[in-house]
Amino acid sequence: MNSKKTILVTGGAGYIGSHTIIELLETTDFKVISADNFSNSSVRTFDRIEKITGKKVINYEVDLCDKISLEKIFENEKNIVGIIHFAAYKSVGESVSDPHKYYHNNINSLLNVLECCLKFNISNFIFSSSCSVYGNISQLPVKEDTPFGKAESPYAFTKQVGEEMIKDYTTAFPQLKAIALRYFNPVGAHISGLIGESPINKANNLVPIITQTAIGKIKEMTVFGSDYPTRDGTCVRDYIHVTDIGTAHIKAMMYLIENKNESNFSIFNLGTGTGVSVLEAISAFEKISGQKLNYTIGEKRPGDVIAIYSNTEKSEKELEWKPQFNLEEMMGTAWKWELEQKKEI
Ligand code: WQD
């Protein structure tokens, strides 16, 4: 029987889950296991994690909405001390066209995982949340105590509901300690170029669309709107490297395990604190790639917020976490990943 303290990562084959697993394997002594049914990721991710770290990750291929299968993991793994829950659908646009898929999956899987925390006495729980819980906010930068805005999509609403559920669980069951990490815009790829953002479905987010345009998979990309009330008319976001997001999860898990938490439910923003416009992101990419990007200015995209970026003081102070990658490095790793994928074909 393996007596090593274990961290369960749900959605471990996904973009942020896989990068977090690499940081866990490389910077801690935990045994790391995953639960991922590959609904939006590839089993090959685990081969690449092993290539990067030299360590194997056991993945339980279960649907977290299937409570019986999920509980088998806890019956089999007796030393789980913490859970990092990434597994959820995350396409804003798809959630608008198929809200049932999002409410069913994102809410039921969270409910089942929380129930396992109680049933199997797991007291440290990290929830993958999102800046989209703030909605269209005018007071910038946003702080963790900024109230929820109106959710602009069912996806965002599942994150708001998720946070509220966890708050109620940790109030009713004080043995459970939890953190919600609100990601701003995760971008980039592991410095090795061996893993990165590779959703099974068509890319929706800006940075993969930039790299796919640059490599020729997309003929010309569209900048969605250039007459917003911002410094250059395009939307502003807080882009943060996915590895910086990964290291924040380690800091958050240790914050709970070492009982540094002041309350049973804590919230932290994960961003750089710097707003970057779409055109500035494109310029940064052109600079690092040495390539002119083929884009046109088009109509605004429904649901887009004008600008959002984070106040990161609380995360830096309480988690002792500081993002290490700058915008050009974010673009450089994203481009390296795109070039590596081309080699594979
Ligand atoms: C960024 C900007 C677009 C594509 C979403 C989720 C958020 C988080 C990150 C999970 C916007 C513009 C984009 C294109 C463009 N996900 N854009 N042309 O919408 O800020 O955030 O992903 O945690 O929860 O809401 O990210 O990358 O889609 O868009 O002009 O072809 O790039 O209009 O201003 P978004 P994004």
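Reading the values: rules and limits
- Residues numbered from 1 in each chain as written.
- Predicted model: local features only at pLDDT ≥ 70, side-chain atom pairs only at ≥ 80, totals over all residues.
- Heavy atoms only, no water.
- Core = buried A, V, L, I, M, F, W, Y, C linked by side-chain atoms within 4.5 Å.
- Buried < 20%, exposed > 50% of the residue type's maximum accessible area, 1.4 Å probe, protein only.
- Helix = DSSP H or I, 4+ residues; strand = E, 2+ residues; numbered from the N terminus.
- Contact = heavy atoms within 4.5 Å.
- Near = heavy atom within 4 Å.
- Areas by Shrake-Rupley, 256 points an atom, 1.4 Å probe, with all protein chains shown as cover.
- Nonpolar A, V, L, I, M, F, W, Y, C, P; charged D, E, K, R; others polar.
- Salt bridge = Lys/Arg side-chain N within 4 Å of Asp/Glu carboxyl O.
- Disulfide = S-S within 2.5 Å.
- Phe/Tyr/Trp six-rings, centres within 6.5 Å; stacked < 30°, edge-to-face > 60°.
- Lys NZ or Arg CZ within 6 Å of the ring centre and 35° of its normal.
- Polar contact = N/O pair within 3.5 Å; in protein donor to acceptor, adjacent residues only side chain to side chain.
- Pairing = 2+ DSSP bridges.
- Axes fitted to C-alpha atoms, helices over the stretch in contact; angles between N-to-C directions.

A.B. asks: Report on the nonpolar core, specifying residues and quantitative values.
C.D. replies: With 36 residues, the main nonpolar core has I21, L24, I126, I179 and L181 as its most contacted residues. Looking at this core, the elements that each hand over two or more residues are β1 (6-10), α1 (15-27), α2 (44-53), β6 (177-183), α8 (242-257) and β11 (265-270). In terms of residue count, α8 provides more of this core than any other element does, eight residues in total. Those residues in contact with I21 that sit more than four places away from it in its chain are V9, G12, V32, S34, F46, I49 and V57. Membership of the second largest hydrophobic core comes to 29 residues, among which are I33, A35, I83 and F127.

A.B. asks: Go over the site of the ligand with me, naming the residues and quoting the values.
C.D. replies: With respect to spatial proximity, 19 residues lie near the ligand, and among them S130, L206, T222, R237 and D304 are the closest. Taken by itself the ligand offers 690 Å² of open surface, and the protein chains cover 91% of this. Of all the elements in the fold, those that place two or more residues in the shell around the ligand are α7 (206-215) and β8 (221-224). Per-element tally for the shell around the ligand: the top contributor is β8, with four residues. Looking at the shell around the ligand residue by residue, the classes come out as ten nonpolar, six polar and three charged.

A.B. asks: So what's going on with the pattern of salt bridges? Which residues, and what values?
C.D. replies: Summed over the entire model, instances satisfying the criterion amount to 16 salt bridges. When the shortest N-O distance is used, the salt bridge between E164 and K167 registers 3.4 Å. Taken as a pair, E164 and K167 lie in helix α6 (residues 154-172) at a separation of three residues, close to a single helical turn. The exposure class of E164 is partly exposed, given its relative accessible area of 34%. Owing to a relative accessible area of 36%, K167 belongs among the partly exposed residues under this scheme. The closest approach of N and O atoms between E328 and K287, which form a salt bridge, is 2.9 Å. Placement of E328 in helix α11 (residues 327-344) and of K287 in helix α9 (residues 278-289) is noted, with a sequence separation of 41 residues between them. A relative accessible area of 62% places K287 in the exposed class. Look at the salt bridges and you will find they share partners, linking R237, R301 and D304 into a network.

A.B. asks: How would you explain the state of the cysteines if you had to name every residue and give the values?
C.D. replies: Taken as a whole and judged by the stated rule, the model has zero disulfides. Of all cysteine sulfurs, the one in C117 lies closest to C116, which takes part in no disulfide; the gap is 7.4 Å. Judged by its relative accessible area of 0%, C116 is buried.

A.B. asks: An account of the packing of aromatic side chains is requested, with residue identities and associated values reported.
C.D. replies: Ring pairs (aromatic) are described by centroid distance and by the angle formed between their planes. Across all of its chains, the model carries eight aromatic pairs by this definition. Geometrically, the ring pair formed by Y103 and F157 is edge-to-face, given 6.1 Å between the ring centres and 85° between the ring planes. Placement of Y103 in helix α5 (residues 99-119) and of F157 in helix α6 is noted, with a sequence separation of 54 residues between them. With relative accessibility at 33%, the residue Y103 sits in the partly exposed group. In this structure F157 comes out as partly exposed when scored by relative accessible area, which is 39%. Geometrically, the ring pair formed by Y255 and F268 is edge-to-face, given 5.6 Å between the ring centres and 85° between the ring planes. In this pair, Y255 is assigned in helix α8 and F268 in strand β11, connecting sequence segments 13 residues apart. Classification of Y255 as buried rests on a relative accessible area of 5%. One residue, K300, lies across the ring of Y228, its end atom 4.6 Å from the ring centre.

A.B. asks: Tell me about the side chain of H249, and please be specific about residues and values.
C.D. replies: Its place among the elements puts H249 in helix α8. Excluding residues that lie within four positions of it along the chain, H249 makes contacts with I16, T20, I84, F86, I126, L181, Y183 and L270.

A.B. asks: Give a description of the environment of E280 that names residues and reports values.
C.D. replies: With respect to the secondary-structure elements, E280 resides in helix α9. Within the structure, E280 has its side chain in polar contact with the backbone nitrogen of S277 (distance 2.7 Å).

A.B. asks: Requested: an account of the sheet that holds β6, with residues and values cited.
C.D. replies: Ordered in space as β3-β2-β1-β4-β5-β6-β11, the seven strands form an open sheet in which the pairing is parallel. This sheet does not close on itself; its edge strands, each paired only once, are β3 (58-60) and β11. Strand after strand, the sheet turns through a mean of 20° between neighbouring axes, direction not considered. Both strand β4 (residues 80-85) and strand β5 (residues 124-130) contribute to a ladder of three bridges, which runs parallel. Residue pairing across strands places I84 opposite I126, the latter belonging to β5. The sheet strands contacting helix α3 (residues 67-76) are β1, β2 (31-35), β3 and β4, and the helix crosses β4 at an angle near 150°.

Without other data, these values stay purely geometric and don't point to any function.
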